[in-house]
Amino acid sequence: MKRTLRSLLTLTMGVFLALCVTARTARAEVVFKLGTLAPAGSAWHNLLKEMSQKWKDASGGQVTLRIYPGGVVGNEGDMVRKMRVGQLQAAALTVVGLQEITPEPQALSVPMVIESHDELMYVLQKLGPKLEKSLADKGFAVLQWTEVGVVRFFSTKPFRTPAEAKGRKIFSWEGDPATVEAWRAASFQPVVLSSTDVVPALQTGMIDTIASAPLYAFTARLYQKANKMIDLPWSLLVGALIVKKDAWEQVPADIRPKLIEIVKEYGNRIDAEVRRLNDDAVVQMKRQGLEVIAPGDMAAWRKVADSVNEVVRGKAVPAPIFDEVKKLSAEFRAKGH
């Protein structure tokens, strides 16, 4: 009887230990597959890789972040769709991709409203929680907002004024019909394409103009064909690192704050590095034949931006959020920043 009892206790302890090992193993299998358009080897990609290793170290190997750069998992709309079905659990998206989830974040990147990093930080400090709630309501969590860069026009043909830009065939993001209408309001001829088709479209003449941050134009080599940059700060392109909420909740609660702290650290590093690299990208592209063209008639360009924003407000972006961004932007400048 004693031997039987001892055997039962031994068996019970063995099962308990096995369950503990299984539980630890299960915790170690939280994997986030992250998609991004950032080209492989770019500053964005390299910093994301560093962040991935930090996540692994901070979680004791329990959380793995796998990065798929350069649009290998599709454009930003594809990434959102793959997140919804569980093929991806995370993505680094611009506001163009975020609008596939909810339209509110696009208010941060409307033409000629937010014009600096400090202004963006001021607006996000006030409005960030509301934008994050709009994404959370759709099942996505924002880990960090990021600045992609100041968007300028890159073209195969020079132009200085809105009149000279009329009819230019400009790339328009697939799945964003409101932006198509907005480009028409600016007298461009929008051509709807996947972001992964931009380079061949420039090569074939399907498009002749693209609005892009300089660093992306440099790393994706768009400037080799669109070798005229109109030095007009058209908009501040904003993005975010987002995760599916159900995937995030699989991360043990005691580990999540550590991972968020790492994301914040790298988000700040990415912002600072990207601002520096955007400036450097212009220098590098000029050395390789990029022609930088000063815009003419800024009053006319601001009038065009106002025309675009009349289309954006209430169509691409809910009017209350649009108005709040405009109000906060004006408030920031009124304080003498």
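What comes next concerns the included structure. (Residues numbered from 1 in each chain as written. Predicted model: local features only at pLDDT ≥ 70, side-chain atom pairs only at ≥ 80, totals over all residues. Heavy atoms only, no water.)

It is worth spelling out the pattern of salt bridges at this point. Per the stated rule, a full pass over the model turns up 14 salt bridges. Put simply, glutamate 324 and lysine 130 hold a salt bridge, and the shortest N to O gap is 3.0 Å. Residue glutamate 324 is found in helix H13 (residues 319-334), and its partner lysine 130 is found in helix H5 (residues 117-136); the two are separated by 194 residues along the sequence. By relative accessible area, glutamate 324 is classed as partly exposed at 26%. Its relative accessible area of 45% is what places lysine 130 among the partly exposed residues. Arginine 276 is the partner of glutamate 273 in a salt bridge, and the nearest nitrogen-oxygen pair spans 2.7 Å. With glutamate 273 and arginine 276 both in helix H11 (residues 256-287) and three residues apart, this pair spans about one turn of that helix. (Salt bridge = Lys/Arg side-chain N within 4 Å of Asp/Glu carboxyl O. Helix = DSSP H or I, 4+ residues; strand = E, 2+ residues; numbered from the N terminus. Buried < 20%, exposed > 50% of the residue type's maximum accessible area, 1.4 Å probe, protein only.)

Under the 1.5 Å per step criterion, the end-to-end length of H13 is 22 Å for 16 residues, consistent within 8% with the ideal 22 Å. Along H13, the residues that are buried comprise Ala319, Ile321, Phe322, Val325, Leu328, Ser329 and Phe332. Contact partners of the buried residues in H13: H5 and helix H12 (298-312). Looking one or two residues past H13, glycine 336 carries a phi angle of roughly 80°, positive in sign. (Expected span 1.5 Å × (residues − 1). Contact = heavy atoms within 4.5 Å.)

Looking now at the side chain of asparagine 278. Note on placement: asparagine 278 falls in helix H11. Asparagine 278 has contacts with Val148, Gly149, Ala213, Pro214 and Leu215, leaving out every residue within four places of it along the chain.

To continue, consider empty space enclosed by the protein. Overall, the coordinates contain two cavities of 30 Å³ or more when judged by the stated rule. Looking at the largest cavity, its volume works out to about 940 Å³. Considering every element that reaches the lining of the largest cavity, the biggest residue donor is strand E8 (residues 228-244), with six residues. In the lining of the largest cavity, the residues fall into 33 nonpolar, 12 polar and three charged. By volume, the second largest cavity is sized at about 60 Å³. Lining of the second largest cavity is provided by Asn75, Glu76, Gly77, Val96, Gly97, Gln99, Glu100, Trp173, Glu174, Leu193, Ser194 and Ser195. Broken down by secondary-structure element, the contributors of at least two residues to the lining of the second largest cavity are helix H3 (76-84) and helix H4 (95-98). Residue classes in the lining of the second largest cavity are distributed as three nonpolar, six polar and three charged. (1 Å grid on protein atoms, 1.4 Å probe; cavity = no way out; pocket = protein on both sides within 12 Å on 5 of 7 lines; lining within 4 Å. Points joined across faces, edges and corners; volume = space filled by probe spheres on them. Nonpolar A, V, L, I, M, F, W, Y, C, P; charged D, E, K, R; others polar.)

Here the focus is the environment of tryptophan 234. Its location among the elements puts tryptophan 234 in strand E8. Taking the relative accessible area as the measure of exposure, tryptophan 234 reaches 3% and is therefore buried. A sequence separation of 100 residues divides tryptophan 234 from alanine 334, and the C-alpha atoms of the two residues are 21 Å apart. Contacts of tryptophan 234, omitting those with residues within four sequence positions, involve Pro111, Met112, Val151, Phe153, Trp183, Trp301, Val304, Ala305 and Val308.

A separate point is the packing of aromatic side chains. The geometry of an aromatic ring pair is captured by two quantities: the separation of the ring centres and the angle between the planes. If you walk through the whole model with that rule in mind, you get 16 aromatic pairs. Aromatic pair tryptophan 234 and tryptophan 301: ring centres 6.4 Å apart, planes at 75°, arrangement edge-to-face. Linking tryptophan 234 in strand E8 with tryptophan 301 in helix H12, this pair joins segments that are 67 residues apart in sequence. Taking relative accessible area as the criterion, tryptophan 301 reaches 1% and is therefore assigned buried. Within the aromatic cluster, the residues linked to one another by ring pairs are Phe153, Phe159, Trp183, Phe188, Trp234 and Trp301. Positioned above the aromatic ring of phenylalanine 140, the side-chain terminus of lysine 244 is 5.8 Å from the ring centre. (Phe/Tyr/Trp six-rings, centres within 6.5 Å; stacked < 30°, edge-to-face > 60°. Lys NZ or Arg CZ within 6 Å of the ring centre and 35° of its normal.)

Now for the nonpolar core. By size, the foremost hydrophobic cluster in this structure holds 108 residues, and its most contacted members are Phe32, Trp55, Trp145, Phe153 and Trp234. In terms of residue count, E8 provides more of this core than any other element does, 11 residues in total. (Core = buried A, V, L, I, M, F, W, Y, C linked by side-chain atoms within 4.5 Å.)

Further remarks concern the packing of H5 against H13. The N-to-C vectors of H5 and H13 enclose an angle of 145°; their axes lie 9 Å apart at closest approach. You can see that H5 and H13 cross each other, and the crossing is right-handed. Facing H5, whose interface residues are Asp118, Glu119, Tyr122, Val123, Lys126, Leu127, Lys130 and Leu131, H13 presents Ile321, Glu324, Val325, Leu328, Ser329, Glu331, Phe332 and Arg333. Per-class residue counts for the contact of H5 with H13 are eight nonpolar, one polar and seven charged. (Axes fitted to C-alpha atoms, helices over the stretch in contact; angles between N-to-C directions. Left-handed = near helix turned anticlockwise from the far one by under 90°.)

Turning next to the side chain of threonine 94. Relative to the helices and strands, threonine 94 is located in strand E3 (residues 90-94). For threonine 94, the side chain forms a polar contact with the side chain of glutamate 76, separated by 2.8 Å. If sequence neighbours within four positions are ignored, threonine 94 has contacts with Glu76, Val148, Trp173, Leu237, Val238 and Gly239. (Polar contact = N/O pair within 3.5 Å; in protein donor to acceptor, adjacent residues only side chain to side chain.)

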